[in-house]
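# Reading the structure
Given next are the chains, with one letter for each unit.
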2 protein chains.
Amino acid sequence: MDMPHTVDVMTATIPETHRLTGQMIIAGTPVRGTGTQIHAFDPAAGAALDPPYHHGDAGNVDAACAAAADAFGTYRATTSDQRARFLEAIAGQIEAISEPLIARAVAETGLPQARITGEVGRTTGQLRLFAEVLREGSYQGARIDTALPDRSPLPRPDLRQRFIGLGPVAVFGASNFPLAFSVAGGDTASALAAGCPVVVKAHDAHPGTSELVGRAVTAAVAESGMPAGTFSLLFGSGAGLGIALVTDPRIKAVGFTGSRSGGTALVAAAAARPEPIPVYAEMSSINPVFVLDGALAGRGNELGRAFVASLTMGSGQFCTNPGLVIAVDGPGLDAFVAAAREALAQAPATPMLTPAIARSYAEGVTALSGAAELVGRGQDASNECGCHAALFTTDAESFLNSEALQAEVFGSSSLIVRCADAAEMHAVADGIEGQLTATVHADDSDLDAAAELLPRLELKAGRILFGGWPTGVEVSHAMVHGGPFPATSDSRSTSVGSRAIERFLRPVCYQNVPKSLLPSAIADGNPDHLWRRIDGRLSQD
Amino acid sequence: MDMPHTVDVMTATIPETHRLTGQMIIAGTPVRGTGTQIHAFDPAAGAALDPPYHHGDAGNVDAACAAAADAFGTYRATTSDQRARFLEAIAGQIEAISEPLIARAVAETGLPQARITGEVGRTTGQLRLFAEVLREGSYQGARIDTALPDRSPLPRPDLRQRFIGLGPVAVFGASNFPLAFSVAGGDTASALAAGCPVVVKAHDAHPGTSELVGRAVTAAVAESGMPAGTFSLLFGSGAGLGIALVTDPRIKAVGFTGSRSGGTALVAAAAARPEPIPVYAEMSSINPVFVLDGALAGRGNELGRAFVASLTMGSGQFCTNPGLVIAVDGPGLDAFVAAAREALAQAPATPMLTPAIARSYAEGVTALSGAAELVGRGQDASNECGCHAALFTTDAESFLNSEALQAEVFGSSSLIVRCADAAEMHAVADGIEGQLTATVHADDSDLDAAAELLPRLELKAGRILFGGWPTGVEVSHAMVHGGPFPATSDSRSTSVGSRAIERFLRPVCYQNVPKSLLPSAIADGNPDHLWRRIDGRLSQD
């Protein structure tokens, strides 16, 4: 990356205690990397940001993993309530630095201050959601099958089951959510909740934000009396330090949000280990939007405008950006397209996260230009990071026969697939790869058509929306941010919402274990007041 | 395999309708393979059994997978109660042929009739357990987060979540449980319960048993009105037909019980697919038994005898066979060893499942003989399949420095590790690979020592037993038959017990989906009377 000059935006606004140091954190200790030097980059100003950071090396990975493995025994033995208070302490530490944190994250990402402010709230909200999950306690999956000493021909032993943490977890920060999917984001919060120490590899796009949050987590570790190795923060490349981290024998699971190539490389590295481990990689999704005939006829204009608002939000840098619209050709779709084109023409060229992402985006748009018809573009930008939004159209047959048209273009780019009829729309639904989301716009007259579409979409997506747009992911109990490959590497899981904790747990059965040695979750008398499955029936007794 | 002569044991005992045909079953239709011819082998009689079977080919895999994919939409749309009745129908069909089935399975395996009779009961019991799981309904993981239309700054949509089946599942029958882990065993029962069609690759060791059970399942498919592609049964080699099955794009998950080499080959093949899929491979475990000082001092003799009974049961052909005993050296351990040696000397050379397994066993024992000290052996056999049980001893340091001493020997072979003290015992516990089970024998005086051991064992095993022996796996709600690699390829799961259904499910979120289109599990008014998580709280309302 060419660095014309650097601006120390932090000097003026940050108190001494929050001055960035450019260091990693290994088990509570700041460590300066000795590898490649990187700078954050302000994509709005087009300027590199101080201080410099340096990538770590294999020795740093070894030290962080050794500390995590060492901490695991103590950390996993903490009570649910102790870990809940720890997560709340992290949230509190983040809130205590929200002003400089927001300023730095805005500078590093070019995202609007309101968006970053909201993301801080989402990040602390996630931490507090997992604190609730811990206190509620069902995550432990407590089950008891009572002994049947008189059963014939063989007695049944006393059998009890609970979940325990897998072990140290490697978390890879995402470029596009510098807080909510980064150092103390959903992967970290859910792994810590599960009783697993975390080693984060920060994303190079926001090292200052990562350092600030890493120090907040470190402060919470100390404040809560957790072992220092519970958390470490490393900088490095995915192909170098990232692979070293995933292949370290002490790491037992991986959380990743990023590109398909990056995710599949980590999945392959984890599968090739002497002891393979699970990788939860959230990778690639074009988030199809099906607009049915009645909705199109009644609200084509309105939907076209709303679509562009979703498409261009945050320069389209969402995993759930609507990159595909499928509808049956006709005047309704014409109105949708015309309204979208008009709205798009007004869309300013907001900055993308990094020059590299902007270049990738431009290449993706160029590739689509050769394979589909251009419908319209957003406003052009002189800024090298500006996102020059693009909208294309094609027919169903071309779409189904082209891998290029199905590839994700990260940024504000979308493709409208004109279908001849409902059967072609079904063929497109059946022909796409796995997705994070599938959206349906339907009016009352469309319910029969929607009923035919729904089972097809269930097989393709982790979340199905009626109305609205896929951008915007609620953090709650029923959310699924996941889906069949390549949306994720493991469709059995979600990276958002309370079920995310399940990714880092495994069941253990205790047979005839003496009462005095039983963990409280499965002890007699239910001292933790959990919902437990007793002889197959849920009970709080 | 050299076939001196063949015996048609079935002609005399089986009615015409149950006469074996030597055919595979693809979506309800008998199909004769055109590949390698195989015969079952009676290891007790030392004779091949008619009829001949033939391996299938890639075309058979394609046909079975196409039928399974075709059936999936209809099959997964059945209600929980319909699938429960279908599983009960399979159990009924198996019971209807129990007499010829038991006769054939005894002939094909050399296992005692009482054991096979028990296994029929276990198999039908598993099917009925999953019928219960279906009717209870919690497997659907129903969750509802109610809409908050007035929330600021953004309203919360109506969010609902349920689990659906992954798609067609490939199941590999195990050699050592011709019924309970084979054609209609735990993997098949749990996958069918989850709404997934199943394609079974039968184990070559018991083709006749497989055909009989396959026909029972096929009859139940027809009787229950399920689509024919819900079930297919193929014969073939693991490296040929097995890999073709696992890499077929329509297969979405795999269940396997067998060797470490076989399991890791399937895991690697599944990971290398364009769309990787989960493989639940239950592979290798030596099932350490820790005998603590008090137990040893008080009951060394008795424990030594009981250990040998567990070691030699079924010629040691259990995944949970106690292949490792760890204790602190001293007079108690001497008494244990002396009693074990004496009991072993009386142990008859019962037949192993196949000549190949018997040869592997003999090679494993020879390898151990070079690396550890022989303590004693069972009775020798003239029969080529006879299991000449073996018991070895070594010290902790030698054990920890030798991969050979940690390798599973399938059959009645075990290794006693003499430790200098509790610290060495802990080092052995920390140094072993992942296990299905870990057993502790402790008296009241051992509780402190047991408390130090327990957290170490939690990290190594799926099931921890106090007292008793690991052979014998209860099929219930709290059971875990799983564990860290290489015990299984996925420690987050169990292949025995009601949680096994979770392996074949994934969550889907429904956002603002019209009431009339919602699946009943997450519909308003709770028509299925399920336990559901409403805004984070369990409720049956």
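It should be emphasised that the depicted structure is a prediction, and the values quoted were computed from it without experimental measurement.

Attention shifts here to the overall build of chain A. Scanning chain A from N- to C-terminus turns up 16 helices and 22 strands. For 541 residues, the compact-globule estimate of 2.2 N^0.38 gives 24 Å, and chain A sits close to it at 25 Å. Reported as C-alpha extents along the three principal axes, the dimensions of chain A are approximately 75 × 65 × 40 Å. Across the 541 residues of chain A, 62% fall into the buried class. Put simply, of all contacts in chain A between residues at least 6 apart along the chain, 76% involve residues at least 24 apart.

Below, the discussion takes up the packing of aromatic side chains. Applying the stated rule across the entire model yields 17 aromatic pairs over all chains. Seen from their ring centres, A:F177 and A:F181 are 5.4 Å apart, and the 70 degrees between their planes marks the pair as edge-to-face. Each of the two residues, A:F177 as well as A:F181, counts as buried. With a centroid separation of 5.7 Å and an interplanar angle of 80 degrees, the aromatic rings of B:Y280 and B:F504 are classed as edge-to-face. Of the two residues, B:Y280 is situated in strand β12 (residues 279–282) and B:F504 in the loop between β19 (461–466) and β20 (505–511); the sequence distance between them amounts to 224 residues.

Before going further, it helps to spend a moment on the pairing of strand β14 (residues 324–328) of chain A. All names here are of chain A. Across the five residues of β14, five count as buried, placing the element largely inside the fold. Side chains L324, I326 and V328 project from β14 onto one buried face, and the interleaved V325 and A327 project onto a second face that is buried too. As paired strands, strand β13 (residues 288–291) and β14 are joined by four bridges and run parallel to one another. Bridging across to β14, F290 finds its partner in I326. Regarding the hand of the β-α-β motif, the stretch spanning β13, helix α10 (residues 293–312) and β14 is right-handed. Two elements, β14 and strand β17 (residues 413–419), share five bridges in a ladder whose sense is parallel. Each bridged residue has a counterpart across the sheet, and for V325 the counterpart in β17 is I416.

For chain A, per-residue confidence averages 95 on the pLDDT scale, and 97% of positions sit at 70 or higher. Every residue in residues 1–12 of chain A scores below 50 in pLDDT, and together they form 23 contacts with partners more than four places removed in sequence or on other chains.

Right, let's talk about the state of the cysteines for a bit. Considering all chains together, one arrives at zero disulfides over all chains under this definition. Its sulfur unpaired, A:C196 is 13 Å from the next cysteine sulfur, which belongs to A:C65. Judged by relative accessible area, A:C196 falls into the buried class, the value being 0%. B:C385 carries a free sulfur, and the closest cysteine sulfur to it, the one in B:C387, is 11 Å from it.

Here the focus is the sheet that holds strand β15 (residues 373–377) of chain A. As summarised here, the arrangement of the twelve strands in space is β15(A)-β16(A)-β17(A)-β14(A)-β13(A)-β18(A)-β19(A)-β20(B)-β7(B)-β6(B)-β21(B)-β22(B), forming an open sheet in which the pairing is mixed. A strand with exactly one partner marks an edge of an open sheet, and here the two such strands are β15 of chain A together with β22 (537–539) of chain B. With direction set aside, neighbouring strand axes in the sheet form an average angle of 25 degrees. As paired elements, strand β16 (residues 390–395) of chain A and β17(A) share six bridges and run parallel to each other. Paired with A:T393 across the bridge in β17(A) is A:I416.

Let's shift gears to helix α16 (residues 447–458) of chain A. Residues and elements named next belong to chain A. Helix length check: α16, at twelve residues, gives a terminal C-alpha distance of 16 Å against a target of 16 Å (1.5 Å per residue), a fit within 8%. Within the sequence span of α16, burial applies to A450, L453, L454, L457 and E458. Down the axis of α16, the sector holding all buried residues measures 130 degrees, keeping them to one side.

Let us now look at the domain arrangement of chain A. When the parts of a complex come together, some accessible area is lost, and that lost area is often used as the size of the interface. All names here are of chain A. When its domains are assigned, chain A resolves into domain 1 (6–283 + 495–500) and domain 2 (288–466). Between the C-alpha centres of domain 1 and domain 2 there is a distance of 33 Å. Each side of the interface is counted separately: domain 1 has 16 residues, and domain 2 has 17 residues. When domain 1 packs against domain 2, the two sides together hide about 1,200 Å² of surface, and 60% of this comes from carbon and sulfur. For the interface between domain 1 and domain 2, the tally reads one salt bridge. A salt bridge links E433 to R260; its shortest N-O distance comes to 3.0 Å. One can count four residue pairs in polar contact (both at pLDDT 80 or more) joining domain 1 with domain 2. Within the side of domain 1 that touches domain 2, the residues separate by chemical class into seven nonpolar, five polar and four charged.

Take the packing of α10(A) against helix α11 (residues 331–345) of chain A next. All names here are of chain A. For the pair α10 and α11, the least separation of the axes is 7 Å and the interaxial angle reads 30 degrees. Like other packed secondary-structure pairs, α10 and α11 cross with a definite hand, here right-handed. Contacts between α10 and α11 pair L296, G300, N301, L303, G304, R305, F307, V308, L311 and T312 from the former with G332, L333, A335, F336, A339, A340, A343 and L344 from the latter. Grouping the amino acids of the contact of α10 with α11 by side-chain chemistry returns twelve nonpolar, five polar and one charged.

Between chain B and chain A, the contact holds 71 residues from the first and 71 residues from the second. A combined buried area of about 5,900 Å² lies between chain B and chain A, and 56% of that area is made up of carbon and sulfur atoms. Joining chain B to chain A, the criterion identifies ten salt bridges. One salt bridge connects B:R151 with A:E474, and the closest N-O pair in it is separated by 2.6 Å. Summed over the shared surface of chain B and chain A, the number is 50 residue pairs in polar contact (both at pLDDT 80 or more). At the level of elements, α2 (58–76), β6 (143–145), β7 (159–165), α16 (447–458), β19 and β20 of chain B are the ones that each hand at least two residues to the side of chain B that touches chain A. Looking at the side of chain B that touches chain A, the element that brings in the most residues is β20(B), giving seven residues. Partitioning the side of chain B that touches chain A into residue classes produces 37 nonpolar, 13 polar and 21 charged.

Here the focus is helix α12 (residues 355–369) of chain B. Residues and elements named next belong to chain B. Helix length check: α12 (15 residues) gives 21 Å between terminal C-alpha atoms against 21 Å at 1.5 Å per residue, within 8%. Buried residues of α12: P355, I357, A358, Y361, G364, V365 and L368, and no others. Where the residues of α12 are buried, they touch β4 (37–42), β15 (373–377), β16 (390–395), α14 (403–406) and β17 (413–419).

A few words now on the pattern of salt bridges. In total, this model carries 55 salt bridges over all chains according to the counting rule given. Note that B:D62 and B:R250 form a salt bridge whose closest N and O atoms lie 2.6 Å from each other. Of this pair, B:D62 sits in helix α2 while B:R250 sits in the loop between α8 (238–246) and β11 (253–257); the two residues are 188 residues apart in sequence, bridging distant segments of the chain. Judged by relative accessible area, which is 25%, B:R250 ranks as partly exposed. A network of salt bridges, in which partner residues are shared, links A:D81, A:R85, A:E88 and A:R135.

Our focus in this paragraph is the side chain of B:R492. Relative to the elements of secondary structure, B:R492 occurs in the loop between β19 and β20. At 2.4 Å, the side chain of B:R492 and the side chain of A:Y280 are in polar contact. Within polar-contact distance, the side chain of B:R492 engages the side chain of B:D490 at 2.8 Å. In this structure, B:R492 is in contact with A:L166, A:P278, A:Y280, A:D490, A:R492, A:R503, A:L505, A:R506 and A:P507, ignoring residues within four places of it in sequence.

Attention shifts here to the relation of the copies chain B and chain A. When chain B is fitted to chain A, the residual RMSD is 0.0 Å, and the transformation amounts to a turn of 180 degrees plus an axial shift of 0.0 Å. Taken together, these values place the two copies in the relation of a two-fold axis. In terms of C-alpha distance to the rotation axis, chain B has B:A271 as its closest residue, with the C-alpha 3.5 Å off the axis. Taken as a fraction of all interface residues of chain B, those also at the interface in chain A reach 100%, which identifies the copy contact as same-surface.

Moving on to the packing of helix α4 (residues 98–109) of chain A against helix α5 (residues 113–136) of chain A. All names here are of chain A. α5 packs onto α4 with a crossing angle of 125 degrees between their chain directions and a minimal axis gap of 9 Å. Between α4 and α5, the angle falls in the class oblique. In this structure, the crossing between α4 and α5 has a hand that is right-handed. Of the residues in α5, those touching α4 at L101, I102, A105, V106 and T109 are Q113, I116, T117 and V120. Partitioned by chemical class, the residues of the contact of α4 with α5 number six nonpolar, three polar and no charged.

Another aspect to go through is the environment of B:P30. All names here are of chain B. Of note, P30 is situated in strand β3 (residues 29–31). Between the alpha carbons of P30 and P149 there is a distance of 58 Å; along the sequence they are 119 residues apart. The contacts of P30, once residues within four sequence positions are left out, are Q23, M24 and I25.

Conventions used here
Residues numbered from 1 in each chain as written. Chains lettered and ligands numbered in written order. Predicted model: local features only at pLDDT ≥ 70, side-chain atom pairs only at ≥ 80, totals over all residues. Heavy atoms only, no water. Helix = DSSP H or I, 4+ residues; strand = E, 2+ residues; numbered from the N terminus. Rg over C-alpha atoms; globule rule 2.2 N^0.38 Å. Buried < 20%, exposed > 50% of the residue type's maximum accessible area, 1.4 Å probe, protein only. Contact = heavy atoms within 4.5 Å. Phe/Tyr/Trp six-rings, centres within 6.5 Å; stacked < 30°, edge-to-face > 60°. Pairing = 2+ DSSP bridges. Right-handed = clockwise from strand over helix to strand, strands pointing away. pLDDT = per-residue confidence, 0-100. Disulfide = S-S within 2.5 Å. Axes fitted to C-alpha atoms, helices over the stretch in contact; angles between N-to-C directions. Expected span 1.5 Å × (residues − 1). Arc of directions from axis to C-beta. Domains from an automatic or database assignment. Buried area = accessible area lost by both parts, 1.4 Å probe. Salt bridge = Lys/Arg side-chain N within 4 Å of Asp/Glu carboxyl O. Polar contact = N/O pair within 3.5 Å; in protein donor to acceptor, adjacent residues only side chain to side chain. Nonpolar A, V, L, I, M, F, W, Y, C, P; charged D, E, K, R; others polar. Left-handed = near helix turned anticlockwise from the far one by under 90°. Least-squares fit on C-alpha atoms with pLDDT ≥ 70 in both. Parallel < 35°, antiparallel > 145°, perpendicular 65-115°, else oblique.

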